[in-house]
Amino acid sequence: MASPDRISQTLTRHKLRHTPVRRAVLQALSASPFALSGHEVEQLLGGDVDRITLYRTLKTFEESGLIHRVIDTSDTVRYAACSMECNVHAHADDHVHFKCTSCQHIYCLNQVAIPAVTLPAKFQAQTRDYLLAGVCQECQE
Ligand SMILES: [Zn+2]
Ligand SMILES: [Zn+2]
C-alpha cells in the first residue's frame, strides 16, 4: 500500500522535494493502520532524525495536504496519511475517525463520510471532527 514508488509519486504530486527524512516520515505514516503522534513517528524512525526536522516535515506535509491531523479528547495531536487518491486539502473534514478504547489507536474510516449536519442560521461551522469510540477488530478477538 505504501511502496517506495507510491511515496515518491505522492511527494512529486504535491511538488515537494524528495529528502530522506520526508520519504521516511511519509512511509511511516502510510504504513501505519492508525494515526501516529509526532513522538511515535520519531520512535519509528529510530532516533537518526533530528526532532526539529521531523516536526517541520510534519508541518509541511500537513500544509501540503499529504497528511491530516486527528484530534481526540486528549491533547495529543496525531497525524494520518491521506488516502492516495486524495488531492485536495482539508481531508480530516470528510471522514469519520474511530478511537479504540482498548488499544487507544485512532483509525481513519476513509470510507465513512461525516453525516451532514444542519446548523441554526446563527452558526457557521469551519471545521469538523467526528470521532467515534469503541473497540477495534483486533481488540474484539
Ligand atoms: Zn483496539
Ligand atoms: Zn483521518
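These numbers come from a predicted model, not from an experiment. (Residues numbered from 1 in each chain as written. Chains lettered and ligands numbered in written order. Predicted model: local features only at pLDDT ≥ 70, side-chain atom pairs only at ≥ 80, totals over all residues. Heavy atoms only, no water.)

A.B. asks: When you look at the packing of helix α3 (residues 38-45) against helix α4 (residues 51-64) in this model, what are you seeing that I'm missing?
C.D. replies: Packed helices, taken two at a time, are described by their axes: the angle between them and the distance between them. Direction vectors running N to C along α3 and α4 enclose 125°, while the axes themselves pass 11 Å from each other. Taken together, the axes of α3 and α4 lie oblique to each other. Helix-helix and strand crossings are classified by hand; for α3 and α4 the assignment is right-handed. From α3, G38, H39, V41, E42 and L45 reach across to α4, where they touch R51, L54, Y55 and L58. Residues of the contact of α3 with α4, tallied by class, amount to five nonpolar, two polar and two charged. (Axes fitted to C-alpha atoms, helices over the stretch in contact; angles between N-to-C directions. Helix = DSSP H or I, 4+ residues; strand = E, 2+ residues; numbered from the N terminus. Parallel < 35°, antiparallel > 145°, perpendicular 65-115°, else oblique. Left-handed = near helix turned anticlockwise from the far one by under 90°. Contact = heavy atoms within 4.5 Å. Nonpolar A, V, L, I, M, F, W, Y, C, P; charged D, E, K, R; others polar.)

A.B. asks: I'm lost on the coordination of the zinc ion (ligand 1) in this one. Help?
C.D. replies: Each angle at a metal carrying four tetrahedral donors should ideally be 109.5 degrees, and each at a metal carrying six octahedral donors should ideally be 90 or 180 degrees. Bound to the zinc ion (ligand 1) are the protein donor atoms C100 (SG), C103 (SG), C136 (SG) and C139 (SG), situated 2.3 Å from the metal. Here the zinc ion (ligand 1) binds four donor atoms, and the angle range of 103 to 117° at the metal identifies the geometry as tetrahedral. Every donor residue of the zinc ion (ligand 1) comes from the same chain, spaced as C-x2-C-x32-C-x2-C. Separated by 36 residues along the polypeptide, C100 in strand β4 (residues 95-100) and C136 in the loop between β6 (131-134) and α5 (137-140) bring together distant segments of the chain. The two residues C100 and C136 agree in class, both being buried. (Donors = N, O, S within 2.8 Å, 3.2 Å for Na, K, Ca; no water. Tetrahedral: all angles 85-135°; square planar, octahedral: opposite > 155°, others 65-115°. Buried < 20%, exposed > 50% of the residue type's maximum accessible area, 1.4 Å probe, protein only.)

A.B. asks: When you look at the sheet that holds β4 in this model, what are you seeing that I'm missing?
C.D. replies: Adjacent strands of a sheet pair through backbone hydrogen bonds, lying either parallel or antiparallel. Strands sit in the order β5-β4-β6 across an open sheet of three strands; the sheet is mixed. Lying at the two open borders of the sheet, with one neighbouring strand each, are β5 (106-113) and β6. Going across the sheet, the axis of each strand differs from the next one's by a mean of 30°, ignoring polarity. For β4 and β5, the ladder comprises five bridges, and the chain directions are antiparallel. Across the sheet, the residue bridging to K99 is I106, located in β5. (Pairing = 2+ DSSP bridges.)

A.B. asks: What exactly am I supposed to notice about the coordination of the zinc ion (ligand 2) here?
C.D. replies: The protein atoms that coordinate the zinc ion (ligand 2) are H68 (NE2), H95 (NE2), H97 (NE2) and C108 (SG), at distances spanning 2.0 to 2.2 Å. Of note, the zinc ion (ligand 2) draws all its donor residues from one chain, in the sequence arrangement H-x26-H-x1-H-x10-C. Highlighted residues: H68 in strand β2 (residues 67-70) and H95 in strand β4, separated in sequence by 27 residues. For H68, a relative accessible area of 4% puts it in the buried group.

A.B. asks: For this particular structure, what's the right way to read the nonpolar core?
C.D. replies: In summary, soluble globular proteins display a tendency toward joint burial of nonpolar side chains. Within the largest apolar cluster, 23 residues are counted, with the highest numbers of intra-cluster contacts made by V25, L29 and F61. Looking at this core, the elements that each hand over two or more residues are α1 (4-13), α2 (20-31), α3, α4 and β3 (78-81). No other element matches the five residues that α2 contributes to this core. Look past the residues within four positions of F61 in its chain and what remains in contact with it is L11, L16, R22, V25, L26, L66 and I67. (Core = buried A, V, L, I, M, F, W, Y, C linked by side-chain atoms within 4.5 Å.)

A.B. asks: Quick question: what am I supposed to make of the sheet that holds strand β1 (residues 36-37) here?
C.D. replies: An order of β1-β3-β2 is seen for the three strands of this open sheet, with the pairing classed as antiparallel. Each having just a single partner strand, β1 and β2 make up the two edges of the open sheet. In the sheet, β1 pairs with β3 via two bridges, with the strands oriented antiparallel. The residue of β3 that forms the bridge with L36 is Y79.

A.B. asks: Whenever I open this one, the confidence of the model for the protein confuses me. Can you help?
C.D. replies: Do not read the predicted coordinates in detail wherever pLDDT is low. Of the residues in the protein, 91% have a pLDDT of 70 or more, and the chain-wide mean is 89. Of all the helices and strands in the protein, α1 carries the lowest mean pLDDT, 89, while β1 carries the highest, 96. (pLDDT = per-residue confidence, 0-100.)

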